[in-house]
Amino acid sequence: MGVKEFVEITRPSNALFSGVAVIIGGLVAGGGMADIYKIILVYLVAVFACAGGNTINDYFDYEIDKINAPKRVLPRGDMTLKTAYIFSIILFLVSCAFAFMVNLLAFSICVVACILMYIYAMTLKKKPFSGNLLVSFLTSITFIYGGVAVGSYKGVLILTLISFFAMVSREVVKDIEDLEGDVKKGAKTLPAIIGAPKCFDIAFIFLLIAAFLLYVPFITGLYGYIYLLIVTPVVIFVLYILYKITKDREEPGKIQINIKKAMYLVLLIFLLSALIYRII
């Protein structure tokens with residue numbers, strides 16, 4: 001066991017994305033060079049907290065991952081469960097230490113988020129829908145966290161809502177993708193209880209709401225016609241995903257990946273819009 005396994009179990013791409021989401025949240029909220037120190041700190045908070053969450057998730061999902069994801073660090077035997085558990089706690093503590101250096105609000109949010117991530121991995125992930133809602137909430141508040149760093153929430157609240165609804169849709173589809181392993185290990189996820197077809201319908205509704213919300217910044221006057229121009233192609237892409245949800249129900253893996261791509265595009269659009277409208 002070496003450094004590679006410690007990095008791999010954190011799923012670094014996801015952890016780094018959480019950090020980037022915080023930075024985007026800070027920039028969208030109006031943060032500038034004067035806020036760079038706190039933005040860097042909340043970036044580190046998000047990265048370490050997400051890394052801890054991913055690690056503790058793999059710890060509690062060990063038996064299920066032996067079926068659904070046997071190539072992960074723990075199922076293939078490259079790290080002991082005890083080591084993974086201790087490592088996750090260390091990551092959570094480091095995250096909270098960085099949050100304490102930002103301000104009391106950032107520290108409080110971080111502590112609560114870490115506790116919720118632990119509870120999610122331990123129990124809620126295996127319960128119908130509540131786990132989906134919680135992980136979507138935890139992912140979405142990273143944007144608000146960026147606002148906490150700069151003391152403003154302009155633009156980040158609607159971005160948080162869009163992210164939340166899109167994430168719920170993606171999480172439900174991911175549960176459909178993992179249905180076989182979850183059923184074998186007795187995890188009572190939503191697809192295991194009500195079936196995949198109804199879950200696809202739920203995913204459709206949440207993603208449709210996210211698509212409508214993409215136009216709210218223009219309707220409310222937060223951003224103007226430039227935003228409308230660049231967001232419309234993304235809305236069309238989301239509508240395409242919605243079509244695939246109704247037609248290609250045998251490919252939940254591709255659907256959830258496309259939702260993730262759409263979320264990346266939305267982040268890029270909000271970042272570009274915030275920078276453009278700051279200049280003009």
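Structure first, text after, so check above.
Residues numbered from 1 in each chain as written. Predicted model: local features only at pLDDT ≥ 70, side-chain atom pairs only at ≥ 80, totals over all residues. Heavy atoms only, no water.

### Concerning helix α5 (residues 81-100)
Alright, step 1. The end-to-end C-alpha distance of α5 is 29 Å, a good match for the 28 Å that 20 residues give at a rise of 1.5 Å each.
Alright, step 2. For α5, the set of buried residues is A84, F87, S88, L91, F92, S95, C96 and A99. (Helix = DSSP H or I, 4+ residues; strand = E, 2+ residues; numbered from the N terminus. Expected span 1.5 Å × (residues − 1). Buried < 20%, exposed > 50% of the residue type's maximum accessible area, 1.4 Å probe, protein only.)

### Details of the pattern of salt bridges
Alright, step 1. Taken as a whole and judged by the stated rule, the model has seven salt bridges.
Alright, step 2. A salt bridge links E171 to K174, with the shortest nitrogen-to-oxygen separation between them at 3.7 Å. On the criterion of helical spacing, the pair formed by E171 and K174 is a turn pair, its members being three residues apart in helix α8 (residues 156-177).
Alright, step 3. A network of salt bridges, in which partner residues are shared, links K4, E8, R76 and D78. (Salt bridge = Lys/Arg side-chain N within 4 Å of Asp/Glu carboxyl O.)

### Some words on the packing of helix α6 (residues 104-122) against helix α7 (residues 130-150)
Two numbers describe a pair of packed helices, the interaxial angle and the distance between the axes.
Alright, step 1. Running from amino to carboxyl end, α6 crosses α7 at an angle of 160°, the nearest separation of the two axes being 11 Å. Taken together, the axis directions place α6 and α7 in an arrangement best described as roughly antiparallel. Regarding α6 and α7, the two cross each other, and that crossing is left-handed. Touching L105, A106, F107, I109, C110, A113, L116, M117 and Y120 of α6 are G131, L134, V135, L138, I141, Y145 and V148, all from α7.
Alright, step 2. Among the residues forming the contact of α6 with α7, the class breakdown is 15 nonpolar, one polar and no charged. (Axes fitted to C-alpha atoms, helices over the stretch in contact; angles between N-to-C directions. Parallel < 35°, antiparallel > 145°, perpendicular 65-115°, else oblique. Left-handed = near helix turned anticlockwise from the far one by under 90°. Contact = heavy atoms within 4.5 Å. Nonpolar A, V, L, I, M, F, W, Y, C, P; charged D, E, K, R; others polar.)

### Details of the nonpolar core
Alright, step 1. If you look at the biggest cluster of nonpolar residues, it comprises 73 residues, and the most contacted ones within it are Y145, L207 and F270.
Alright, step 2. No other element matches α8, which puts 11 residues into this core.
Alright, step 3. Within the second largest apolar cluster, 11 residues are counted, among which are I9, C50, L74 and A84. (Core = buried A, V, L, I, M, F, W, Y, C linked by side-chain atoms within 4.5 Å.)

### Quick notes on the environment of K198
Alright, step 1. Position of K198 relative to the elements: it lies in helix α11 (residues 196-213).
Alright, step 2. Residue K198 is classed as exposed on the basis of its relative accessible area of 52%.

### A look at a nonpolar patch on the surface
Alright, step 1. Side chains of I36, Y37, I40 and M101 sit close together on the surface and give an oily, nonpolar patch of about 400 Å² of accessible area.
Alright, step 2. With respect to the element layout, Y37 can be found in helix α3 (residues 36-60). (Patch = residues over 30% accessible without salt bridge, like charges linked within 9 Å, V, L, I, M, F, W, Y side chains within 5 Å. Areas by Shrake-Rupley, 256 points an atom, 1.4 Å probe, with all protein chains shown as cover.)

### Details of the state of the cysteines
Alright, step 1. Across all of its chains, the model carries zero disulfides by this definition.
Alright, step 2. Of all cysteine sulfurs in the structure, the one in C110 sits closest to C114, which takes part in no disulfide; the separation is 4.1 Å. (Disulfide = S-S within 2.5 Å.)

### Points about the packing of α7 against α8
Alright, step 1. Look at α7 against α8: their axes get within 8 Å of each other, and the N-to-C directions meet at 150°. When the interaxial angle is binned, α7 and α8 end up roughly antiparallel. Crossing angle aside, the handedness with which α7 passes α8 is right-handed. From α7, N132, L133, V135, S136, F137, T139, S140, I141, F143 and I144 reach across to α8, where they touch V156, L157, L159, T160, S163, F164, M167, V168, E171, V172 and D175.
Alright, step 2. Looking at the contact of α7 with α8 residue by residue, the classes come out as 13 nonpolar, six polar and two charged.

### Regarding the side chain of N57
Alright, step 1. Here N57 is to be found in helix α3.
Alright, step 2. Classification of N57 by relative accessible area gives buried; the value is 7%.
Alright, step 3. Once residues within four sequence positions are removed from consideration, N57 is found in contact with R11, Y120, A121 and K125.

### Quick word on the packing of aromatic side chains
Alright, step 1. Under the criterion given, the structure shown has 16 aromatic pairs.
Alright, step 2. Pairing F6 with F87 gives two aromatic rings, centres 4.9 Å apart and planes at 80°, and the pair type is edge-to-face. Separated by 81 residues along the polypeptide, F6 in helix α1 (residues 3-9) and F87 in helix α5 bring together distant segments of the chain.
Alright, step 3. Looking at F6, the relative accessible area reads 25%, which means it is partly exposed.
Alright, step 4. The buried category is assigned to F87, whose relative accessible area is 17%.
Alright, step 5. Ring geometry for F237 and Y240: centres 6.3 Å apart, planes at 15°, overall stacked. Placement of both F237 and Y240 in helix α13 (residues 225-247) is noted, with a separation of three residues, approximately one turn of the helix.
Alright, step 6. On the basis of relative accessibility, which here comes to 40%, the residue Y240 falls in the partly exposed class.
Alright, step 7. Following the ring pairs from residue to residue traces out a cluster consisting of Y59, F60, Y85 and Y118. (Phe/Tyr/Trp six-rings, centres within 6.5 Å; stacked < 30°, edge-to-face > 60°.)

Just distances and angles here, no functional claims.
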